[in-house]
Amino acid sequence: MNTRLTKTARREQLLDVALGLVRTRGVDGLTLVTLAEAAGVSRPIVYDHFGTRAGLLLALYRDLDERHRLALEAAIRDAPATIDAIASVISASYFACTLDLPEFAPLSAALKGNPELEPTQHELLTAYTATMAAALSPYSELSPEGLHLRCTALLGAAEALATELTHNRATASEAIAALTDLITGQFTTR
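Residues numbered from 1 in each chain as written. Predicted model: local features only at pLDDT ≥ 70, side-chain atom pairs only at ≥ 80, totals over all residues. Heavy atoms only, no water.

Now for the packing of helix α1 (residues 7-25) against helix α2 (residues 32-39). Packing of α1 against α2 brings their axes to within 9 Å, and their N-to-C directions diverge by 110 degrees. When the axes of α1 and α2 are compared, the pair comes out roughly perpendicular. Together, Gln 13, Leu 14, Val 17, Ala 18, Leu 21 and Arg 25 of α1 and Thr 34, Leu 35, Ala 38 and Ala 39 of α2 make up the contact between the two elements. (Axes fitted to C-alpha atoms, helices over the stretch in contact; angles between N-to-C directions. Helix = DSSP H or I, 4+ residues; strand = E, 2+ residues; numbered from the N terminus. Parallel < 35°, antiparallel > 145°, perpendicular 65-115°, else oblique. Contact = heavy atoms within 4.5 Å.)

Okay, here's the thing in structure tokens:
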């Protein structure tokens, strides 16, 4: 029996297939046509969900970002309430995403090249930074604005460390230790 998926379930299925295509073919190999073929659906279905290739890339990026942020939030909730523990779980979560979702970096790079999509990418980065800032605020004497700026800088450092990790110039434990040290070095306990 052939059952029809709800629109939400179909979108999730298409995003899962899109992620698989990025894993096997790279970001350049993901188009609306290749997605329709790989998912076994008609092109209009894919166009209805994403509109354009840029819309597809953005939807996939949002999906991966949400997975990443939810994992970070769960890790923070489960961590002991110390700066060392919080810094460690922020670091470990960031690099787990790098290793578990290697498609995230190429998608991010593809979006940075599109001026129409940069505001959305900035919005997602701001949300991630806010999650970090909320977790670190009990250990900081900085103003909320100063803490946000510090977390933005830390994410820049994390991105640089992730590049080292993905190019096998650092191990996961080295990257986690380096970012943890950067985080703990920035904050004093009250």
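Anyway, onward from the coordinates.
To continue, consider the state of the cysteines. This structure, assessed with the given rule, holds 0 disulfides. Not part of a disulfide, Cys 97 finds its nearest cysteine sulfur in Cys 151, a span of 17 Å. Judged by its relative accessible area of 7%, Cys 97 is buried. (Disulfide = S-S within 2.5 Å. Buried < 20%, exposed > 50% of the residue type's maximum accessible area, 1.4 Å probe, protein only.)

Assignment of secondary structure puts Leu 124 in helix α7 (residues 118-136). Sequence-wise, Leu 124 and Tyr 61 are 63 residues apart; in three dimensions their C-alpha atoms are separated by 9.4 Å. When residues no more than four places from it in sequence are discounted, the contact partners of Leu 124 are Tyr 61, Arg 62 and Asp 65.

Bringing the side chain of Ser 91 into the picture now. With respect to the secondary-structure elements, Ser 91 resides in helix α5 (residues 83-100). Separated by 3.0 Å, the side chains of Ser 91 and Thr 180 make a polar contact. Excluding its chain neighbours within four sequence positions, the residues that come into contact with Ser 91 are Ile 176, Leu 179, Thr 180 and Ile 183. (Polar contact = N/O pair within 3.5 Å; in protein donor to acceptor, adjacent residues only side chain to side chain.)

Looking now at the pattern of salt bridges. Enumeration over the complete set of coordinates arrives at 6 salt bridges. Asp 16 is paired through a salt bridge with Arg 67; the nearest N and O atoms lie 3.5 Å apart. Separated by 51 residues along the polypeptide, Asp 16 in helix α1 and Arg 67 in helix α4 (residues 53-78) bring together distant segments of the chain. On the basis of relative accessible area, Asp 16 is assigned to the partly exposed category, the value being 46%. The residue Asp 65 makes a salt bridge to Arg 69 at a minimum N-O spacing of 3.6 Å. Of this pair, Asp 65 and Arg 69 both sit in helix α4, 4 residues apart, roughly one helical turn. One network of salt bridges, with partners in common, ties together Asp 16, Asp 63 and Arg 67. (Salt bridge = Lys/Arg side-chain N within 4 Å of Asp/Glu carboxyl O.)

Another aspect to go through is unusual backbone geometry. The backbone of Asn 168 sits at a positive phi, close to 60 degrees, despite the residue not being glycine. Following the sequence through the fold, Asn 168 ends up in the loop between α8 (144-166) and α9 (172-186).

Below, the discussion takes up the nonpolar core. Leu 30, Leu 35, Val 46, Phe 50 and Leu 60 are the most contacted members of the largest nonpolar core, which has 29 residues in total. Contributions of two or more residues to this core are made by α1, α2, α3 (43-50), α4 and α6 (104-112). At 7 residues, α4 tops the list of elements feeding residues into this core. Contacts of Phe 50, omitting those with residues within four sequence positions, involve Arg 11, Leu 14, Leu 15, Leu 32, Leu 35, Gly 55, Leu 56 and Ala 59. Formed by 28 residues, the second largest nonpolar core is a distinct cluster that contains Phe 95, Cys 151, Leu 161 and Ala 175. (Core = buried A, V, L, I, M, F, W, Y, C linked by side-chain atoms within 4.5 Å.)

Let's shift gears to α5. Taking 1.5 Å as the rise per residue, α5 with 18 residues should run 26 Å; its terminal C-alpha atoms sit 25 Å apart, in good agreement. Regarding α5, the residues found buried are Ile 83, Ala 85, Ile 86, Ala 87, Val 89, Ile 90, Ser 91, Ser 93, Tyr 94, Phe 95, Cys 97 and Thr 98. In this structure, the buried residues of α5 make contact with α4, α6, α7, α8 and α9. (Expected span 1.5 Å × (residues − 1).)

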